[in-house]
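Residues per chain are reported as follows:
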Amino acid sequence: MWLLMAIGASISFGIRGVFYHWAAKRAVNRNLMLFGVYLCGMIGSVALGLLNGQAWNAASMTGVLMGAFSFSANASLVKGFAGEKAAIVALLSGLAPVVVTILAYLLWHETFTGLQLVAFLIIMFAIVVTNWAPQSGQSIRIGLGMGLLAMFFFGFTDTTSAWSTRLGADVFPTLSMMFATGAACFGCWWLLERRAARSQASRGGARGWPIGKTLVFGMFVGLLNLVGMYLALNALHGGMAGLVSALLAMNIVVILLYIHFFAGNHLRRVEWFGVSLALVGIIILQLAE
């Protein structure tokens, strides 16, 4: 069951990534949009937690760390993608499961079976293949720095998520704390940028989406994020942290398929090879169960 949960979460995150990709081509303020994403998650998690009689306790406070790490990871991506070496940022951030696997071994002595290790390595290689692009020039240092930060912070997010399940924290209270922390961080970041944006507008600069439209769009995407996180935490209840994290990272497959069939950017042969490898890795994981 954990495998189906992880695949479902990966699909949800992939569809979320499709909307992010779509929004990136339009004049959408990313910080305000992400504030809406986390705000929706917070409201939904609180409501569902109350309806299900779940408990807000010390264990659910791990969500604060999850939110802080998630914000830091996304902030690193934003800065990295703003530069000239976005490809290497995407590549390194996709290797977060390696961080999770190492931490899970050090903290909880999680080890793979032989077949699970093969599947993990295949999926990691698939992520490298699908994100790889030749890199050169001095700006690669910024890309490397931001990519490594994103990799570690995404890894910390997944590891803390696994920790919350080991502490027996209820899902929705934990998620509400995570989303509340993320919403506060992105909301503050947006407010700090708003003054500069007003100054640019007064000089005749380009105007983006209105606040209300951006916030509503972000909250809509937040529903997908909430579903994905719910499925991910449930997957972590039964699956190993490293394997679940690897499957979650395969949301790139959904985004690549969207880019190929709907965004008009046909995939290269090497990217199709990466997608095929990912499917092989998932099949091997199923056989390992």
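That block above? That's the structure.
About the criteria used
- Residues numbered from 1 in each chain as written.
- Predicted model: local features only at pLDDT ≥ 70, side-chain atom pairs only at ≥ 80, totals over all residues.
- Heavy atoms only, no water.
- Salt bridge = Lys/Arg side-chain N within 4 Å of Asp/Glu carboxyl O.
- Helix = DSSP H or I, 4+ residues; strand = E, 2+ residues; numbered from the N terminus.
- Phe/Tyr/Trp six-rings, centres within 6.5 Å; stacked < 30°, edge-to-face > 60°.
- Buried < 20%, exposed > 50% of the residue type's maximum accessible area, 1.4 Å probe, protein only.
- Lys NZ or Arg CZ within 6 Å of the ring centre and 35° of its normal.
- Contact = heavy atoms within 4.5 Å.

Novice: So what about the pattern of salt bridges? Which residues, and what values?
Specialist: In the structure shown here, the tally under the stated rule is one salt bridge. Across the pair Arg166 and Glu110 runs a salt bridge, and its minimum N-O distance is 3.0 Å. Of this pair, Arg166 sits in helix H7 (residues 140–166) while Glu110 sits in the loop between helix H5 (96–108) and helix H6 (114–131), and the two are 56 residues apart along the sequence.

Novice: How would you summarise the packing of aromatic side chains if you had to cite specific residues and measurements?
Specialist: If you walk through the whole model with that rule in mind, you get 18 aromatic pairs. Relative to Phe217, the ring of Trp209 has its centre 5.6 Å away and its plane inclined at 85°; by these criteria the two rings are edge-to-face. Among the residues examined, Phe217 registers a relative accessible area of 12% and is labelled buried. The residue whose ring lies beneath Arg30 is Tyr20, and the NZ or CZ to ring-centre distance is 5.6 Å. Lying across the ring of Trp209, Lys213 places its NZ or CZ 4.3 Å from the centre.

Novice: So what about the environment of Leu48? Which residues, and what values?
Specialist: The topology assignment puts Leu48 in helix H2 (residues 30–51). The class of Leu48 is partly exposed, set by a relative accessible area of 32%. Linking Leu48 and Pro173, residues 125 residues apart in sequence, is a C-alpha distance of 8.8 Å. Once you skip the residues sitting within four places of it in the chain, Leu48 turns out to touch Phe172 and Leu226.

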